[in-house]
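Each chain, letter by letter, is given below.
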Amino acid sequence: MATVLSIHDRRILTALNSGASSLSFLGSGFIVLCYSLFKELRKFSFKLVFYLSLSDMLCSFFNMVGDPSKGFFCYAQGYTTHFFCVASFLWTTTIAFTLHRTVVRHKTDVEDLEAIFHLYVWGTSLVMTVIRSIGNDHSHLGAWCWAQTGRTGKAIHFITFYVPLWGAILYNGFTYFQVIRMLNNATRMAVGMSDRAYQFDARTDMKALNRWGYYPLILIGSWAFGTINRIHDFIEPGHKIFWLSFLDVGTAALMGLFNSIAYGLNASVRRAIYERIELFWPERLQRWFPNSSRYRNQQQQSELISLKIQDQQ
């Protein structure tokens, strides 16, 4: 027996999508703003985060359109959302590639690859979006306009979005695993040699990389329910599951927020914000916060690219 989403269910999904996309828009927009305002953040490592946040911000913006009427605006929302969401998870692969090339392969030419990164991300996103137009038959899926009703359209949508997505997840996971394994081995060697200075450097790297190891989980958490929902919709197109659509819409729309927290709010950003706030902080109040000067004088720790990059460049 066919089950379709009621008007009430569609309104709930639309409100959920708009609310979650707004949070992602604010989070990614904040990172874009920080990059624009703080000159000390304009290094190649954080530039990749800027491009990631910019893609997330535009993806969230077009998601916030909600449930537009059928016609030109429906198609526009579908294609722009597809383009910038694909670009978002592709930028995460460039970050993983840069980390692996620097830490594992000890290469210092990552900045020379920026043009190739742009061609790879924007070019692939454009190709996937154009191919997606084959068998295109847009319809509403409660909260956005990029779902398709025909079986051919659904298959192409899955191939042009979810296949590259899970390819990116596997690549990121494998890359971070190699980097963490290498630094684990370096740490054990340092312990064996009793090289205290090297032990400190290795532990600093590992503190950051232990966090990076969770980055692939962001994409998994954001799109796992969407993948399941697309597969279920392809197998049983006449049977919609509200709770699955609810999780699909909510987690996917929060991807930009998750990325902005994990990739963007690192030590460099927090330090830049703190230093600006401290300029306007009354001096008589600073004595009540003795940890402030200690924090300000800490040696800067990169949470995206190893400190060794700065020494090599």
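Quick caveat, the model's predicted, so the values are computed rather than measured. Along each chain, residue indices are assigned from 1 in the same order as the chain's sequence is written. This being a predicted model, a pLDDT of at least 70 is required before a residue's local features are given, and a value of 80 or more before pairs of side-chain atoms are given or counted; all residues contribute to the totals for chains, interfaces and linings. Based on all heavy atoms of the structure, the side-chain values leave hydrogens and waters out of the count.

(A) Expanded view of the nonpolar core. Counting 48 residues, the largest nonpolar core has F89, F161, L165, W223 and Y263 as the members making the most contacts within it. Of all elements in the fold, only α1 (7-37), α2 (44-63), α3 (72-103), α4 (114-131), α5 (151-193), α7 (215-235), α9 (255-264) and α10 (267-279) reach the threshold of two or more residues within this core. Examining the composition of this core, we find that 12 residues originate from one element, α3, more than from any other. With near-sequence residues (within four places) excluded, F89 lies in contact with F161, P164, L165, A168 and L219. For this analysis, a nonpolar core means a set of buried residues of the types Ala, Val, Leu, Ile, Met, Phe, Trp, Tyr and Cys, connected via side-chain atoms within 4.5 Å. Burial status follows relative accessibility: with a 1.4 Å probe on protein chains alone, a residue under 20% of its type maximum counts as buried, one over 50% as exposed, and anything between as partly exposed. Under the DSSP-based scheme used, a helix requires at least four consecutive residues in state H or I and a strand at least two consecutive residues in state E, with every element numbered from the N terminus. Any two residues whose heavy atoms approach within 4.5 Å are treated as being in contact.

(B) Structural context of the confidence of the model for the chain. Residue-level confidence of the predictor is summarised by pLDDT, bounded by 0 at the bottom and 100 at the top. Per-chain confidence: the chain averages 78 in pLDDT, with 72% of residues scoring 70 or above. When pLDDT is averaged over each helix and strand of the chain, the minimum, 42, is found for helix α13 (residues 307-312) and the maximum, 95, for α4. The low-confidence segment residues 292-313 (pLDDT under 50) makes 60 contacts with residues lying over four places distant or belonging to another chain.

(C) Region of the structure containing the environment of Y171. You can see Y171 is positioned in helix α5. Counting along the chain gives 78 residues from Y171 to T93, while the straight-line C-alpha distance between them is 7.2 Å. Sequence-distant contacts of Y171, defined by excluding residues within four places in its chain, comprise T93, A96 and F97.

(D) Spatial organisation of a nonpolar patch on the surface. Together, V127, I131 and I134 make up a nonpolar patch on the protein surface, roughly 230 Å² of accessible area in all. Looking at the secondary structure, you find I134 in the loop between α4 and β1 (138-139). A relative accessible area of 47% means that I134 is categorised as partly exposed. Patch definition: residues above 30% relative accessible area lacking any salt bridge, with like charges linked at up to 9 Å and the nonpolar side chains Val, Leu, Ile, Met, Phe, Trp and Tyr linked at up to 5 Å. Exposure was quantified through the Shrake-Rupley algorithm and a 1.4 Å probe, taking into account, for residues, occlusion by the shown protein chains and nothing else. One speaks of a salt bridge when a side-chain nitrogen belonging to Lys or Arg is within 4 Å of a carboxyl oxygen belonging to Asp or Glu.

(E) Geometry of the side chain of H100. Residue position: H100 is located in helix α3. Take H100: its relative accessible area is 16%, and that puts it in the buried class. In this structure H100 touches R105, T175, Q178 and V179, once residues within four positions along its chain are discounted.

(F) Geometry of α2. Compared with an ideal rise of 1.5 Å per residue, which puts 20 residues at 28 Å, α2 spans 29 Å between its outermost C-alpha atoms and is within 8% of the ideal. Counting buried positions along α2 yields 16 of 20 residues, so the element is predominantly enclosed. Any helix carries an expected span of 1.5 Å times its number of residues minus one.

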